[in-house]
Structures are given as structure tokens and as C-alpha cells.
Amino acid sequence: MTWARPLAVGVAVALAAALSACGGLPTVSAVQQGSLVGEQAVQPIRVQPDGPNPGATPDQIVRGFIRAGAGAGFDDDHAIARSFFTQSVKDDWQPDSGVEVFGDQSPPKIELLTPTTVRVTASIVAEVDSLGRYREMPVGTVAHATFGLQKVDVEWRIALPQSGFGLWLSASDLDRIYQPFSIAYVSKASRTIVEDRRWFPITSGLATTLARAQLEPVPGYLSGAAQTGVPTGTALAVDAVPIQSGLAVVDLSGAALSADPDLRRAMWAQFVTTLMQVPSVTEVSLEVQGARLNLPGTPDRVSLLTTLGYQLNSAFLAKDAILRVGTKLSWVSPDRPQNQDLPPKGSQLAGQALPKIPAGWVSLALSWDESEIAGISADHSELARWQGSRMFQLGEFGNGLTKPSYDALNGLWVAGQDGGTAKVWVIDTSLSSIEKAKPRLILAPWLVKRTVVALRVAGDSRRMALITTNRTGGDVQIVVAGIGRSASGVAISLAAEPLRVGWTLTAATDLAWVDDSTLAVIGRVSPKDAVGPQLVEIGGKVTTLTPVAGSRLITNTGGLRGIVVTTDRGQVLARAGNGWQQLQTGTDFLIPGE
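Residues numbered from 1 in each chain as written. Predicted model: local features only at pLDDT ≥ 70, side-chain atom pairs only at ≥ 80, totals over all residues. Heavy atoms only, no water.

A short note on the overall build of the chain
Across its full length, the chain holds six helices and 40 strands. Here the C-alpha radius of gyration of the chain, 27 Å, is about what a compact globule of 594 residues would show, namely 25 Å. Each principal axis of the C-alpha distribution contributes one length, and for the chain these read about 90 × 60 × 50 Å. The 594 residues of the chain split such that 53% are buried. Here the chain contributes 50 positively and 53 negatively charged side chains, and the mean placements of these two sets differ by 4 Å. (Helix = DSSP H or I, 4+ residues; strand = E, 2+ residues; numbered from the N terminus. Rg over C-alpha atoms; globule rule 2.2 N^0.38 Å. Buried < 20%, exposed > 50% of the residue type's maximum accessible area, 1.4 Å probe, protein only. Lys, Arg positive; Asp, Glu negative; His and termini not counted. Charge placed at Lys NZ, Arg CZ, Asp CG, Glu CD.)

See below:
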């Protein structure tokens, strides 16, 4: 097999050694973090696979077919891989039906069951489904596939492919060929983008792949929180998105004309956000059956969301933090160690008086405008709010309450139990009379028979991440669900189909949003490990960070470098290089909106 792109000498030697050693594709590669939102994809190294060798045995034919699936076939519909099939079934194979990912050190086992039947077995570490959803698998997950073969003239070919069989790739091949991309939708309440992360192969037809995905409905876990400007039934008028001099032209079917001006604006914003991830795209134009999609006041070519009146959610960077020591609260720097601490710069609130928090109140949260603090009683049965020096204690409405979380739309969220059933409530913090603000139940039927351990609202106030368990504390799940709101922005429900993430975590106790597509979690993968900080990509991988003994709470001051862990010994630790440095000593470290 040949490499389609020249490599540096050192890399070429390493790859040649790998090929020589295993007779197949290179399988050793460091796991890479996925692309960031809006980051353009990098074209992968292409591998030209070999076709069937004359005289190959049935097991060699199946082995060659699986290897060929990792080659440069994405641009020609895997023509070489299809050459391992008989003519009558070669078009029945659907490589885009999903990917099974095996470990680099655990290649598939090929067994000849009968003279015409071959079974393939592999230890699976992850899978990507037909929609591009990535899911890491628990240790010990095994996949099997069986193939029937027959002779064509004197050569063996696959005549009976496994139903639903797509691609089997090594972990390093997946990282080489696939990347996560954002498919854009729009908020129902504002002109902002809500993104869904999916994995797709990086090919010359990437713009077409992303455009097809953009035509799909809003995923279930974002229902109520996001909408699409693409009318139902809209398709590509020509099944390709050509790119000329940086301009991607999306030609849609006539159904797109049914969109009103607001939906056309949303549709254009979605395609601009999604297609600008393609390296060669600098502008996007929308057409309907060859004619420009009319949108008054909008140029034929768009490269910026602001041209359409839309914007991406801006990255959060905390300017202030509040530290709790005993009953005392104090303003501190969110990112400087205690011995370098200075009064927070640029804050109008850093000089205001802070309340004293009586003993027996824990798990504090700070509102986005820094005007209010909330916490729960040590027995998790009551919720209190502090505004200035004033404390207001809500009457009992549940038990097993979680640490509260503020959104940016005047909502204070908390979960717990009521009548033996898990519930989520929101409190309207905009009411001038704090006594009138009562917990309001939010619909989330999927919480039946579950217990909520922690929740946190995303910075866009459109999504919520939750840690739940079964009623005995097992079956730990981390899920993300859209927040359904009325036209006026009032929260009504959580999406009926939450998206599960961080599948391999066996324990989790606290979480925070790092950015629009990443969570920081206190948890663990192996039951043998102590709980500690983990990075969980939404629709992606779990990465274990350097362990922190006694990890208790986690928050974020902004971005991947802004993760802060509070321990059961009162240490407040921030990321420093590959490790941690102590910022403060205290029991709570409050960041706005966390």
C-alpha cells in the first residue's frame, strides 16, 4: 500500500517500520483532542490500500477488506474495499452505517469457522454511529462480525456481508480520518447559535457531508432549546456543495422557499457556522434550484454571522471570584495564587459587602451578575438565598437537594427528591420581592427512578448538564438536555431525550461547563481509581487529568486552563502545566454562573 502525501523523513521511517512489523496500517498514535468549535479541519494523511491479492484465502480476504476500510477510499466510495465483494453484493455494503473502533494494541482476530465462513472479533474502545455520534465503550466490550465467502472463478470474495457492518478502524486511524464538527442550530429565544457535535470523515467532499447533516432536524436532546431555519423536506438540489475561490454554494430544493425571512436568516447563519469549518471555505452562498435565496438586506456571499444579525456565544472569562473560609466570604482573584492575590481588577462589585454564611449552609453558587448567592443546608433539605447581607430561607419543597446553579436569564436551578421521585425546580430571581419567588417544577419525565447528584446550566442558558444515578447510587450517567423556554424566555421543561456523554465514567460527583462542547467532571473511569478531574467532550472522548487527592467540587474560570478543583482538605487548586497549583485555602470557590 502507498502513502498519498509525502511525510517528513522521521515520520516516514516510523510508519514504514509499523507497516513492516504488522503488514497493515500503522496503529500507534497519541490520542488527540478534538477540534474546537469554529476551528477548521486539517486534511489527514491518506493511505492507499491494497486490493485483493491473487490466491488469497478467505480469512486473508476478510482481513484485507477491513484494512482497506481505513484507506483513502472516502473520496471514491471505498472502491478498493468494495473489490473484496462479489459483484452482486458490493453495493450493498454501507460504510457510513457506523464505525467500530478497536484499540491500537488489540487488532481484530480473524477466524475461519468453515471453509466459506469467517468470523472477526475485536475489543472495542469506541463507536461512531450513522449520525456521527461518538461513544466510548466500557473496558471488555467485544464486537463480532461474520462473513460468508464464495469463489468467483478461482478467487475468494465476500458474498454475504454482515448486516449493518460499516467500518472497523483502529483508534489511531479514527483520529487520522475523522474529526468532530459542529452542526449549527439557532436559539429559540435569541439570535445565537446552539451547536451539536458530530464526527465525520475528513474528505474532499467534507462540505457536502456537513451540508447534508445541516439539513437534518434538531436533535432530540436540544428540542425546546433550539430550532432550525431549514424547512422540513428540504434537500440539496444537486448532491454536492462546490467550492470555488473560497465560496461554498449550497443549492437547495424548492422546499427552502417556504421559509419566512426570519427562518431564512437562521438557515443562512446555520450554514455559515457549519461550512466555515471546512479549510477551503471563506464565504457561503445559498441558492434554491440555481437562483439566489432572497433575503433583503443580505449580500450574495456571507462570511460573518454578524452580517446576518447572529453571533456565537462569546467565551467566558471570570474577572472575580469569591472565597469562603468558615462563615466569611471575600473577593479574590480567579486565577492568581493566594500569595500573589490582589483585589480583582475592573469589577464594580468587588468592593461591595458580602454576607456571612452561617455554619450548616454548604454548596454555594454565585449569580451571573454577582448580586446573589445561593446554598443548601448541610442535610440537603433546604435552599437559601443571600442578597447583600439579607438571607432568605425558602420553605421546604424537597430533599436531597443538589448544589444550585444560576442561568443568565434570571433562573436559579436546583434538583432533588419529592415524594420519592427526582425533580428539577427553577426559581425566578428577577422578582423584586424575594419572598414571592417560589420553586417551580420543570418537566423531565426521564428522571423517573433516577437520583440527581449534580446539575449545571451552560453559559448559553439553553442547555443543562446533569449527573444522575439509579436509586441505589449505581448506573452513573452524565447527560445533557436542552432547556425548553416560552417565547418570553421562561423555562418550561428539559428536552425529552437527553444526550448521554462520558459513557465510560463509573462514578461522578460534580461537574462544570468548560466551554460549549466540554464538561469538567469529578469522577473516575476505573472503579479501582480515586475520583478526580476528568474532561468530558460532548459527543466525544473522556480524558483523565492529573489526579487530585480528595477532589470534592469543580468549577471553571474560563476555558480548558480555567478548571479549578476544591478538595476535602480545603485546597483550591488550578491547572498549571500538566499539574495543579494551589490558589487559595477554603471550602467554596465561587465563580459567576457556576
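Now that the structure is up, let's keep going.
Details of the sheet that holds strand β24 (residues 411-418)
To summarise the sheet geometry, strands pair through backbone hydrogen bonds and adopt either a parallel or an antiparallel arrangement. With respect to topology, four strands assemble into an open sheet ordered β23-β24-β25-β26, the strand pairing being antiparallel. The two strands at the open ends of the sheet, each matched to only one other strand, are β23 (405-406) and β26 (440-442). (Pairing = 2+ DSSP bridges.)

Let's talk about the side chain of Thr-518
The topology assignment puts Thr-518 in strand β33 (residues 518-524). Looking at Thr-518, the relative accessible area reads 8%, which means it is buried. Not counting the four nearest positions on each side in its chain, Thr-518 is found in contact with Ala-512, Trp-513, Leu-535, Val-536, Glu-537, Ile-538 and Leu-560. (Contact = heavy atoms within 4.5 Å.)

Some remarks on the packing of aromatic side chains
According to the stated counting rule, one finds 12 aromatic pairs in the structure shown. Ring geometry for Trp-361 against Trp-386: centres 6.0 Å apart, planes inclined by 85°, an arrangement best described as edge-to-face. With Trp-361 in strand β19 (residues 361-366) and Trp-386 in strand β21 (residues 383-387), this pair connects stretches of sequence that are 25 residues apart. Ring-pair connections join several aromatic residues into one group, and the members of that group are Phe-65, Phe-85, Trp-93, Phe-147, Phe-165 and Trp-168. The ring of Trp-503 has Arg-135 lying over it, and the distance from NZ or CZ to the ring centre is 3.5 Å. (Phe/Tyr/Trp six-rings, centres within 6.5 Å; stacked < 30°, edge-to-face > 60°. Lys NZ or Arg CZ within 6 Å of the ring centre and 35° of its normal.)

Regarding the pairing of strand β11 (residues 193-201)
Of all nine residues making up β11, nine are buried, and the element is well covered by its neighbours. Both faces of β11 are covered, namely the face carrying Ile-193, Glu-195, Arg-197, Trp-199 and Pro-201 and the face carrying Val-194, Asp-196, Arg-198 and Phe-200. As paired elements, strand β10 (residues 178-187) and β11 share nine bridges and run antiparallel to each other. Pairing of Ser-182 across the sheet is with Arg-197, part of β11.

Let's talk about the pattern of salt bridges
Evaluated as defined, the whole model comprises 24 salt bridges. Glu-111 is the salt-bridge partner of Lys-109, the closest N and O atoms lying 3.9 Å from each other. Judged by its relative accessible area of 22%, Glu-111 falls in the partly exposed class. (Salt bridge = Lys/Arg side-chain N within 4 Å of Asp/Glu carboxyl O.)

What about the sheet that holds strand β39 (residues 579-585)?
One open sheet accounts for four strands, arranged β36-β37-β38-β39; its pairing is antiparallel. Of all the strands in the sheet, just β36 (551-556) and β39 have a single pairing partner and so form its edges. For this sheet, the mean inter-axis angle between neighbouring strands, taken without regard to orientation, is 30°. (Axes fitted to C-alpha atoms, helices over the stretch in contact; angles between N-to-C directions.)

Here's the deal with the nonpolar core
Of all hydrophobic cores here, the largest spans 62 residues; its most connected members are Val-250, Met-267, Phe-271, Leu-275, Val-284, Ile-478 and Leu-519. Ranked by the residues each element gives to this core, the list is headed by helix α6 (residues 261-275), at seven residues. Apart from residues no more than four positions distant in its own chain, Ile-478 is found in contact with Leu-466, Ile-467, Leu-499, Arg-500, Val-501, Leu-505, Ala-508, Leu-511, Leu-519 and Val-521. (Core = buried A, V, L, I, M, F, W, Y, C linked by side-chain atoms within 4.5 Å.)

Things to note about helix α2 (residues 58-68)
The complete set of buried residues in α2 reads Pro-58, Ile-61, Val-62, Gly-64, Phe-65, Ile-66 and Ala-68. Of the surrounding elements, those touching the buried residues of α2 are α3 (79-82), β4 (109-114), β5 (117-129), β7 (142-152), β8 (155-160) and β9 (167-170).

Here we look at unusual backbone geometry
Located in the positive-phi region is Asn-410, a residue other than glycine, with phi close to 65°. Positive phi outside glycine occurs at Ser-461, with the angle close to 60°. By secondary structure assignment, the location of Ser-461 is in the loop between β27 (450-457) and β28 (463-470). On the accessibility criterion, Ser-461 (1% relative accessible area) is buried.

Points about the environment of Pro-533
Its place among the elements puts Pro-533 in strand β34 (residues 532-537). Residue Pro-533 is classed as buried on the basis of its relative accessible area, which comes to 1%. Spatially, the C-alpha atom of Pro-533 lies 5.6 Å from that of Val-521, the residues being 12 residues apart in sequence.

Describing the pairing of strand β38 (residues 571-576)
Where strand β37 (residues 563-567) and β38 come together, three bridges link them in antiparallel fashion. Note on β38: the bridge partner recorded for Val-565 is Leu-573. Connecting β37 to the antiparallel partner β38 that follows it, the hairpin turn spans three residues, and Gly-570 within it adopts a positive phi of roughly 85°. In this antiparallel pair of consecutive strands, β38 and β39, the connection spans two residues, and Gly-577 shows a positive phi of 60°.

Topic: α6
Three- or four-residue spacings in an α-helix give side chains the same orientation, since the helix completes a turn every 3.6 residues. The terminal C-alpha atoms of α6 lie 21 Å apart, and with 15 residues this matches the ideal 21 Å at 1.5 Å per residue to within 8%. N-capping of α6 is provided by Asp-260, with a side-chain oxygen placed 3.1 Å from the backbone N of Asp-262. (Expected span 1.5 Å × (residues − 1). Polar contact = N/O pair within 3.5 Å; in protein donor to acceptor, adjacent residues only side chain to side chain.)

Some points on the confidence of the model for the chain
When pLDDT is averaged along the chain, the result is 90, and 90% of the positions lie at 70 or above. Here residues 1-38 is modelled with pLDDT under 50, and outside its nearest four sequence neighbours on either side it reaches 65 contacts, counting other chains as well. (pLDDT = per-residue confidence, 0-100.)

As for the environment of Val-565
Along the chain, Val-565 turns up in strand β37. Placed 279 residues apart in sequence, Val-565 and Leu-286 show a C-alpha to C-alpha distance of 46 Å. In this structure, Val-565 is in contact with Ile-522, Pro-533, Val-548, Ser-551, Leu-553, Ile-554, Gln-571, Val-572, Leu-573 and Trp-580, ignoring residues within four places of it in sequence.

Notes on the packing of helix α5 (residues 206-214) against α6
With their axes 10 Å apart at the nearest point, α5 and α6 run at an angle of 145° to one another. In the crossing of α5 with α6, the sense of the turn from one axis to the other is right-handed. The segment α5 lies against α6, with Ala-207, Leu-210, Ala-211 and Gln-214 engaging Gln-270, Phe-271, Thr-274 and Leu-275. Within the contact of α5 with α6, the residues separate by chemical class into five nonpolar, three polar and no charged. (Left-handed = near helix turned anticlockwise from the far one by under 90°. Nonpolar A, V, L, I, M, F, W, Y, C, P; charged D, E, K, R; others polar.)

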